[in-house]
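Coordinates in review
The primary structure of each chain is shown beneath.
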Amino acid sequence: MLNKHENIAHISTGEMLRSAGDTELGKKAKSIMEAGELVGDDLMCELVAERLLEADVAEAGAALDGFPRNPIQAEALQGILEGLGYSLNLAINIEVEEDLAIKRMLGRGRSDDTLEAIQKRLEIYEEQTRPLLEWFTQKGLLVTIDGSGTEAEVYKLFSAAIDNTVSMEKTQK
Ligand code: AMP
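Residues numbered from 1 in each chain as written. Predicted model: local features only at pLDDT ≥ 70, side-chain atom pairs only at ≥ 80, totals over all residues. Heavy atoms only, no water.

Points about the overall build of the chain
Heads up, the rule is: The numbering of helices and of strands both runs from the N terminus, where a helix is a DSSP run of H or I of at least 4 residues and a strand a run of E of at least 2. The globule rule is 2.2 Å times the number of residues to the power 0.38, and the radius of gyration it is compared with is taken over C-alpha atoms. Only protein chains enter the accessibility calculation, which uses a 1.4 Å probe; a residue is then buried when its area is under 20% of its type maximum, exposed when over 50%, and partly exposed in between. By definition, residues are in contact when any of their heavy atoms lie within 4.5 Å. Surface accessibility in these figures is a Shrake-Rupley result with a 1.4 Å probe; residues are shielded only by whichever protein chains are displayed. Only four residue types enter the tally: Lys and Arg on the positive side, Asp and Glu on the negative side; His and the chain ends are excluded. By convention, charge coordinates are those of NZ in Lys, CZ in Arg, CG in Asp, or CD in Glu.
A count of helical and extended segments in the chain gives 10 helices and 4 strands. Along the chain, from the amino end to the carboxyl end, the secondary structure elements read α-β-α-α-α-α-β-α-β-α-α-α-β-α. Its C-alpha radius of gyration of 16 Å places the chain within 12% of the 16 Å reference for a compact globule of 173 residues. Considering only C-alpha atoms, the chain reaches an extent of 50 × 35 × 30 Å along its principal axes. Here the chain holds 173 residues, and the buried ones make up 34% of them. Here the contacts in the chain between residues at least 6 apart in sequence split such that 69% fall between residues at least 24 apart. Accessible surface, the chain as shown: approximately 10800 Å² in total, 51% of it carbon and sulfur. Looking at charge distribution, the chain has the averaged site of its 18 positive side-chain charges lying 4 Å from that of its 32 negative ones.

Quick look at the structure:
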């Protein structure tokens, strides 16, 4: 929806790994993903750095989905963006109760959506990803939206957060 409506490149690191299929990368990632663990930081940062070089990003900007997932990736991202002359404008935290998040994941039919892998992912989220909320807050970038509604409802909140940032940046210029 984001890509269609806002013309922003949607970069999902999980999707990049899934679509790597039978390649060396795909095979390496598969077992890690199915265990609900995180793929190595160096590899993930390299993938993102390469993707950000593509023309669609230069044209319309990008939304990173599922990255950064820990402070190491966040710091690396900052360095990558600086090197490219880009900046972070906004971080959107889509908040959902744990029960609802689990129910949704079990309904997706992904091979890494077993209850065991989901629980591991949630554990890692608490330990490694949640601290990033503070990191983004300190940079004045965090907006939290309610993710409990329908796709259309959540997208409305999501795009409002983006529009808000875009118009604030215009006023500042
Ligand atoms: P996702 O599609 O965001 O739910 O990601 C699916 C899986 O891909 C995760 O459980 C991780 O194993 C892996 N993955 C995706 N993004 C990252 C990331 N930024 N760092 C490490 N592993 C990741």
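As for the pattern of salt bridges
Oppositely charged side chains can pair when the atoms bearing their charge come close. In plain terms, the rule: Here a salt bridge means any side-chain nitrogen of Lys or Arg lying within 4 Å of a carboxyl oxygen belonging to Asp or Glu.
Evaluated as defined, the whole model comprises 11 salt bridges. Note that Asp112 and Arg121 form a salt bridge whose closest N and O atoms lie 3.3 Å from each other. Among the residues examined, Arg121 registers a relative accessible area of 17% and is labelled buried. When salt bridges with common partners are traced through the structure, they connect Arg108, Arg110, Asp112, Asp113 and Arg121 into a single cluster.

What about the site of the ligand?
Operational definition: Note on terminology: near, applied to a residue and a molecule or strand, indicates that one of the residue's heavy atoms is within 4 Å of it. N or O atoms within 3.5 Å of each other form a polar contact, as long as, within protein, one can give a hydrogen and the other can take it, and as long as residues adjacent in sequence are counted only when both atoms are side-chain atoms. By the convention adopted, Pro, Cys, Tyr, Trp, Phe, Met, Ile, Leu, Val and Ala count as nonpolar, Lys, Arg, Asp and Glu as charged, and the other residues, Gly among them, as polar.
Near the ligand there are 16 residues, and of these Thr13, Glu37, Gly66, Gln73 and Arg110 occur at the shortest range. One nitrogen or oxygen atom from the side chain of Gln73 is found 2.9 Å from a nitrogen atom belonging to the ligand. At a separation of 3.0 Å, an oxygen atom of the ligand approaches a polar side-chain atom of Arg110. Within the complex, 94% of the 480 Å² of free accessible area of the ligand lies under protein. Here the shell around the ligand is built from residues that sort into 6 nonpolar, 4 polar and 6 charged.

A word on the packing of helix 4 (residues 41-51) against helix 6 (residues 71-84)
Rules: Only the stretch in contact is used when a helix axis is fitted, and all axes are lines through C-alpha atoms; the angle between N-to-C directions ranges over 0 to 180 degrees. Angle categories are assigned with fixed cut-offs, so that under 35 degrees is roughly parallel, over 145 is roughly antiparallel, 65 to 115 is roughly perpendicular, and the rest are oblique. Two helices that cross are described as forming a left-handed crossing if the nearer one is turned anticlockwise from the farther one by less than a right angle, and a right-handed crossing if clockwise.
Orientation of helix 4 relative to helix 6, taken along the N-to-C sense of each, is 30 degrees, at an axis distance of 10 Å. Taken together, helix 4 and helix 6 sit at an angle that is classed as roughly parallel. The hand of the helix 4/helix 6 crossing is right-handed. Counting all contacts with helix 4, which are made through Asp41, Met44, Cys45, Val48 and Ala49, the residues of helix 6 involved are Ile72, Gln73, Ala76, Leu77 and Ile80. Taken together, the residues of the contact of helix 4 with helix 6 sort by class into 8 nonpolar, 1 polar and 1 charged.

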